[in-house]
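Residue-level listing of the chains:
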Amino acid sequence: MTPLRLSAKATDDIVDIDDINSPIYRVIEVSRLIGIFEFEALNLTAPRLWDDPYENFLKYCRGIDITDDTIRWSFESYSELIFAQCWTLNEENDAVWRIYSPNKDRAKVRTTINKLFKVLNRIQDNFFRSCIGAVKYKDEDAIKRGISAAIKNDKFAFFGEGLIKEFYLVKREA
């Protein structure tokens, strides 16, 4: 199979993924799966609702306006505009089933990174940006150091494109 080529813009929106035709998997509620087919819509979740405080720290931060570095913005309202889905490259994973289907009432879906990207790309405009990226797992101290370094280096430019890639594609090691 010939690998698909992506535009330069698309390449910026796919982070640390070598093969966009790789299958990915997700365990979801059956009612949400039916909704996907019935409404032809994806269900995204706000990371601010997730339990991990390192996935929510931006909610409590202040950022620098990239057009005027004397203006500071609260990321709390910005964090309310961020939505995500988690997928895995692992076809079978007992931990995923235990976490996402404790009552054994979920279904596993499969697609490819490329297909998911195409769906997301159809709705991109000036008010909606998306990216798909591989999650980097780091220990808690490394995450704290990364946050601290970003604050010191003014990486928290409000609405900076790297913000999502830098901080929402990182999770704590189990």
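Residues numbered from 1 in each chain as written. Predicted model: local features only at pLDDT ≥ 70, side-chain atom pairs only at ≥ 80, totals over all residues. Heavy atoms only, no water.

**Some thoughts on the nonpolar core**
Phase 1: In terms of nonpolar packing, the biggest core is built from 14 residues, with Phe-57, Leu-58, Phe-75, Ile-147, Leu-163 and Phe-167 touching the most fellow members.
Phase 2: For this core, the secondary structure elements donating two or more residues are α3 (75-79), α6 (140-152) and α7 (162-167).
Phase 3: By residue number, the principal contributor to this core is α6, which donates three residues.
Phase 4: In this structure, Ile-14, Ile-20, Ile-24 and Phe-117 belong to the second largest nonpolar core, which totals eight residues. (Core = buried A, V, L, I, M, F, W, Y, C linked by side-chain atoms within 4.5 Å. Buried < 20%, exposed > 50% of the residue type's maximum accessible area, 1.4 Å probe, protein only. Helix = DSSP H or I, 4+ residues; strand = E, 2+ residues; numbered from the N terminus.)

**With respect to the pairing of strand β2 (residues 23-29)**
Phase 1: Among the seven residues that make up β2, five are buried, leaving the element largely enclosed by the rest of the structure.
Phase 2: Relative to strand β5 (residues 106-112), β2 runs antiparallel, the two being bridged by seven bridges. Paired with Ile-28 across the bridge in β5 is Ala-107. (Pairing = 2+ DSSP bridges.)

**Some remarks on the layout of surface pockets**
Empty space among the atoms becomes apparent when a probe as large as a water molecule is rolled across them.
Phase 1: Considering only enclosed or pocket space, the second largest pocket measures out at about 460 Å³ in volume.
Phase 2: Along the walls of the second largest pocket sit 18 residues, with Ile-36, Ala-41, Leu-42, Leu-116 and Val-119 positioned nearest its centre.
Phase 3: For the lining of the second largest pocket, the elements supplying multiple residues, two or more each, are α2 (30-39), β5 and α5 (113-122).
Phase 4: Of the residues forming the lining of the second largest pocket, the biggest block, five residues, is contributed by α5. (1 Å grid on protein atoms, 1.4 Å probe; cavity = no way out; pocket = protein on both sides within 12 Å on 5 of 7 lines; lining within 4 Å. Points joined across faces, edges and corners; volume = space filled by probe spheres on them.)

**A few points about α5**
Phase 1: Where α5 is concerned, the buried positions are Ile-113, Asn-114, Leu-116, Phe-117 and Leu-120. Down the axis of α5, the smallest arc covering the buried residues is 160 degrees, so these residues share one side. Looking at α5, the residues exposed on the side facing more than 90 degrees away from the buried face are Lys-115 and Arg-122. (Arc of directions from axis to C-beta.)

**A few points about the confidence of the model for the protein**
Detailed reading of the predicted model is not advised wherever pLDDT is low.
Phase 1: Taken residue by residue, the protein gives an average pLDDT of 79. The fraction at 70 or more is 83%.
Phase 2: When pLDDT is averaged over each element of the protein, β5 comes out on top at 93 and strand β8 (residues 157-158) at the bottom at 54.
Phase 3: Across residues 1-9, where pLDDT falls below 50, the model places ten contacts with residues more than four positions away in sequence or in other chains. (pLDDT = per-residue confidence, 0-100. Contact = heavy atoms within 4.5 Å.)

**Overview of empty space enclosed by the protein**
Phase 1: Scanning all chains against the criterion turns up one cavity of 30 Å³ or more.
Phase 2: Within this model, the largest cavity holds a volume of roughly 30 Å³.
Phase 3: Around the largest cavity sit Tyr-25, Val-27, Thr-88, Asn-90, Glu-91, Glu-92, Asn-93, Val-96, Trp-97 and Lys-108, which together line it.
Phase 4: Mapped onto the lining of the largest cavity, the elements with two or more residues apiece are β2 and α4 (94-100).
Phase 5: Its residues placed into classes, the lining of the largest cavity shows four nonpolar, three polar and three charged. (Nonpolar A, V, L, I, M, F, W, Y, C, P; charged D, E, K, R; others polar.)

**Structural notes on the environment of Ala-84**
Phase 1: With respect to the helices and strands, the residue Ala-84 is situated in the loop between α3 and α4.
Phase 2: For Ala-84 and Asn-43, which are 41 residues apart along the polypeptide, the C-alpha to C-alpha distance reads 8.7 Å.
Phase 3: The residues contacting Ala-84, other than those within four sequence positions of it, are Leu-44, Thr-45, Pro-47 and Trp-50.

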